[in-house]
Amino acid sequence: MNKFLYNFNLKIILIFIIFLFPNLNDAKEILIYADKISYDENENLVAEGNAKIFQSNKLILSDLIIYNKNEEKIILPLSFTFKDENNNYFEGENGYFLENLEFAEFDNPKIRLNDGSRIVGKKVKRDGYIDIISKGVYSPCKSRIKIADFICPTWQLEGEKILHDNKNLFLYQKHSKMRVLNTPVFYTPYIVTPSPLRKERKSGFLAPSIALNFFDTKTSQSTSFPYYFNISIDKELLFTPIINYGGGVDSSQRFIFDYNQIISGGNFKSDLTFDSNLETKNTNEWLKDASLITKYKKNINPNYRIQIDSALQTSKNYIQITKPNDDLSYTNSLSTNLKLEGYNLNKYDDNLIAGLNFYQTNQENEDNKTIPTVLPRIKYFTGYYNNFGSVSNSTFEFYNIFREKSSLVHAKRQQKFSNKYNIKKELINFNSKISMDAEIYNQIFNTEDKLIMENNYNSGSYYRFFPMFSIGAETPFKMQKTLPQFTINPKVQMIVTPGISNSNKISNEDSTNNNFTIQNIYRLNRFSGSDKMDNSKRVTYGVNAYTNHLKTSLSQYYEFTNNSNYHKEQQNDDKLSDLLGSVQYLKDNELSYNFRYDMNDSYLKQQSANFKTDNQYGEFNVSYLDQNSIVNNIITKDNETINYSFFSKKFLKFSKINLSGLYDLKEEINKEYSVGYSYFDECFGLNLDFDRKSYKEDNLKPQDILTIMFSFKNVGSYRSTNLAVSENDKQDIEWESYNINNEKFEKFE
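Residues numbered from 1 in each chain as written. Predicted model: local features only at pLDDT ≥ 70, side-chain atom pairs only at ≥ 80, totals over all residues. Heavy atoms only, no water.

What follows covers the nonpolar core. Grouped together as the largest cluster of nonpolar side chains are 38 residues, with contacts concentrated most on Ile60, Ile65, Ile74, Phe97 and Trp155. Top contributing element to this core by residue count: strand β3 (residues 45–55), with four residues. Setting aside its immediate chain neighbours within four residues, Ile65 contacts Leu45, Val46, Ala47, Ala51, Lys52, Ile53, Ile60, Ile74, Ile75 and Leu76. In terms of nonpolar packing, the next biggest core, distinct from the first, is built from eight residues, Tyr522, Phe527, Tyr557 and Leu580 among them. (Core = buried A, V, L, I, M, F, W, Y, C linked by side-chain atoms within 4.5 Å. Buried < 20%, exposed > 50% of the residue type's maximum accessible area, 1.4 Å probe, protein only. Helix = DSSP H or I, 4+ residues; strand = E, 2+ residues; numbered from the N terminus. Contact = heavy atoms within 4.5 Å.)

Here's what the structure looks like:
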């Protein structure tokens, strides 16, 4: 009987809905379901018990829904749940919706956005895409922390009014206050932040920053209001004005322009920073200092690409002051470089490089007049040609280098045109690989004002023909009975070059950085460039032994030439060179050891070891370096250091630690070390880093830097540094605002 009545009532409800809402296919019409539907004395439709309203992808759930057809209003006197077309959920009570569900007002709103962020308040007014929440609280935190009897999110923003723009995807807050662990830490009368639902970039103000600067007994403030310009789909600009005021210390301004653009086949980035003082705008001192950093990359066509890197500043250390974390702060000179690369121009493996280089000093003790300008440098590699079993190639090179005045080692101006022709032939015979190699250089130099000796400068043009030849053999084998797992490969090479010493009339512009290593010992020209040439006649020999996980190598050479430049520059004093060796073990962990042993004086000139492991606790790396030099039984160089680093994996779900440093074993001092801790949950991040640089000299004080940064999802990061200072050496304490990558926050489970 009950089942019969239930089916009968359900049919009546469906017939009633059909007659009440005849156009069910219209997305603007609504459907009402409930355990019981009736009319009251005002002819309002009353749906009771598991009542539901559907409209397109929108849904309302409540135990009581009253529909006033005359006013086209849906009245919700009890608690209810509303889901919009974007899967955002609203809970509330004592409210109403208009029939189109676009306009609503209700009390005690609890909003859960589709990314998990929450907004709660006293009252909400919904008008289309706009939600206005009175006495609202916003937080992206899903987790809760219990403080005494109060349960709160890690952090939240409280606003007298919160406006959530669901179309333009911004949160506007009036009289906003931030609480961390329910403790007020920040107030601003007005703040605009991106909505957590925002997927596309939008123009608008970012979170401001306020700094307090302490100068002995005086205090000043600075405020920045960064504004983000979404210029177009491929262009953006971040403008950050910083205003200093108060305390009689500083009344200057700093303006930062960060421009980014995606271009077809590349990108363009420009950072302009300048300091000004508007109080002196009528004088020539209104612009105090500035820097411009530009990077441009573009594929011009399938064969060519261009790259421009530029770093300019008005004073020698301006970038160090304004961008202390930029790699440019640690270089000796800034530069503007233009590089054009071409591929597959004449044949598939050729390569053209053309470049322009302009340099500017970045250190106080350097003379900018001796810094070179390279205009231009062109290098063309022809690719490989196979002829009669041999492989050959040519490299053409031209440069024009000039400076305002000569230095002690460089000419005022020098041009070079060079052609390097290389031919190599390999054959297998007598169970060995026999290699014959030749490099033939034809070079023309034109030099102006090259210092030959004190106050004696030379200018002129020079031609150099420099052939180099080698023949070598290597015979890999295995000792099946004793060492079957090892492959042993002995190698010998005879190298013949002209015995002509390098001329001091030619400025060495491209062969200055050289090392004696096991990686370059078999090269014909061991100099890094071709201004200086390796005029050595020598026999090089060595042996490699290796398995799948272990690699070992020993190499040495005997020098026949008395005036070999490279041999002497690398501190090889006798005919027999130092012995070079290396051991590498690569399996679960990485272990390597390299050494350089002086056979003539019988001492270890250099050794280094490196150990790296990645286990369940994290990544650990330690490096050991020992360098010694002895002249006439007197130690002239004695360095011994340890570099170490540890980067932990996550522990306690969200935490990481890191540790790194440099310890000098001879001076028994930890010259550099840093310790860091980071915490990133689903909505809050904390970075705490301490760095110290210590010095043995009495006149140099240790440098300590303590940095703390708080990160808030969808809002940004706030960082302060220079906190660890002595009472006698006070520095600025400044909070800076940074954008934050939301991918750093962990997903909450």
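A grouping of Leu427, Met436, Phe469, Ile471, Val492, Met494, Val496, Tyr541, Tyr558 and Phe560 is seen on the molecular surface, where their side chains present a nonpolar patch of about 810 Å² in accessible area. Listing elements by their share of the nonpolar patch, those giving two or more residues are β33 (456–474) and β35 (483–496). Per-element tally for the nonpolar patch: the top contributor is β35, with three residues. (Patch = residues over 30% accessible without salt bridge, like charges linked within 9 Å, V, L, I, M, F, W, Y side chains within 5 Å. Areas by Shrake-Rupley, 256 points an atom, 1.4 Å probe, with all protein chains shown as cover. Salt bridge = Lys/Arg side-chain N within 4 Å of Asp/Glu carboxyl O.)

For the coordinates displayed, the defined rule picks out 35 salt bridges. A salt bridge links Glu71 to Lys73, with the shortest nitrogen-to-oxygen separation between them at 3.6 Å. Two residues, Glu667 and Lys671, come together in a salt bridge whose shortest N-O distance is 3.8 Å. Since its relative accessible area comes to 29%, Glu667 is described here as partly exposed.

On to the pairing of strand β44 (residues 669–680). On any regular strand, side chains alternate: one points to one face of the sheet, the next to the other face. Bridge count between strand β43 (residues 655–664) and β44: 10 bridges; the pairing is antiparallel. The residue of β44 that forms the bridge with Leu662 is Glu672. Two successive antiparallel strands, β43 and β44, enclose a turn made up of four residues, where Glu668 displays a positive phi of approximately 55°. One ladder, built from nine bridges, connects β44 with strand β45 (residues 684–693); its direction is antiparallel. Opposite Phe680, over in β45, you have Gly685 as the bridge partner. (Pairing = 2+ DSSP bridges.)

It is worth spelling out unusual backbone geometry at this point. In this chain, Leu375 is followed by Pro376 through a cis amide linkage whose omega measures -5°. Looking at the secondary structure, you find Pro376 in strand β28 (residues 373–381). The phi torsion at Glu43 lies on the positive side, around 60°, for a residue other than glycine. Mapped onto the secondary structure, Glu43 falls in the loop between β2 (36–39) and β3. For Asn431, which is not glycine, the phi dihedral falls at a positive 60°. Along the polypeptide, Asn431 turns up in the loop between β31 (413–429) and β32 (432–453).

Counting through the fold element by element, Asn458 comes out in strand β33. Among the polar contacts made by the side chain of Asn458, one reaches the side chain of Tyr462 at a distance of 2.4 Å. Aside from chain neighbours lying at most four places away, what touches Asn458 is Thr447, Glu448, Asp449, Lys450, Ile452 and Lys505. (Polar contact = N/O pair within 3.5 Å; in protein donor to acceptor, adjacent residues only side chain to side chain.)

Evaluated as defined, the whole model comprises 23 aromatic pairs. Their ring planes at 80° and their centres at 5.7 Å tell us that Tyr33 and Phe54 sit as a pair that is edge-to-face. Taken together, the positions of Tyr33 in strand β1 (residues 31–33) and Phe54 in strand β3 put the pair 21 residues apart, joining distant regions of the chain. In this structure Tyr33 comes out as partly exposed when scored by relative accessible area, which is 33%. Taking 6.4 Å as the distance between ring centres and 40° as the angle between the ring planes, the aromatic pair formed by Tyr96 and Phe103 counts as tilted. Tyr96 gets classed as partly exposed once you look at its relative accessible area, which sits at 21%. The class of Phe103 is buried, set by a relative accessible area of 18%. By the ring-pair criterion, three or more aromatic residues cluster together here, those being Phe80, Phe82, Phe90, Phe97 and Phe106. (Phe/Tyr/Trp six-rings, centres within 6.5 Å; stacked < 30°, edge-to-face > 60°.)

Once that is clear, we can look at the state of the cysteines. On inspection of all chains with the given rule, the structure shows one disulfide. Two residues, Cys141 and Cys683, share a disulfide whose sulfurs are 1.9 Å apart. Between Cys141 and Cys683, the S-S dihedral sits near 95°, and the bridge is therefore right-handed. With Cys141 in the loop between β11 (130–139) and β12 (145–147) and Cys683 in the loop between β44 and β45, this residue pair connects regions lying 542 residues apart in the sequence. You can call Cys683 buried: its relative accessible area is 0%. (Disulfide = S-S within 2.5 Å.)

What follows is about the confidence of the model for the protein. Of the residues in the protein, 81% reach a pLDDT of 70 or more, and the chain-wide mean stands at 81. Counting contacts from residues 10–27, a segment whose pLDDT is below 50, to residues more than four positions away or on other chains yields 19 contacts. For residues 723–738, every residue scores under 50 in pLDDT, and the model assigns this stretch 47 contacts once sequence neighbours within four places are set aside. (pLDDT = per-residue confidence, 0-100.)

Here we come to the side chain of Asn351. Its place among the elements puts Asn351 in strand β27 (residues 351–361). A polar contact of 3.1 Å, which involves the side chain of Asn351, links it to the backbone oxygen of Gly342.

A separate point is the environment of Ala473. Positionally, Ala473 belongs in strand β33. Ala473 sits 45 residues away from Ile428 along the chain, and the two C-alpha atoms are 9.5 Å apart. Not counting the four nearest positions on each side in its chain, Ala473 is found in contact with Lys433, Ile434, Pro490, Lys491 and Val492.

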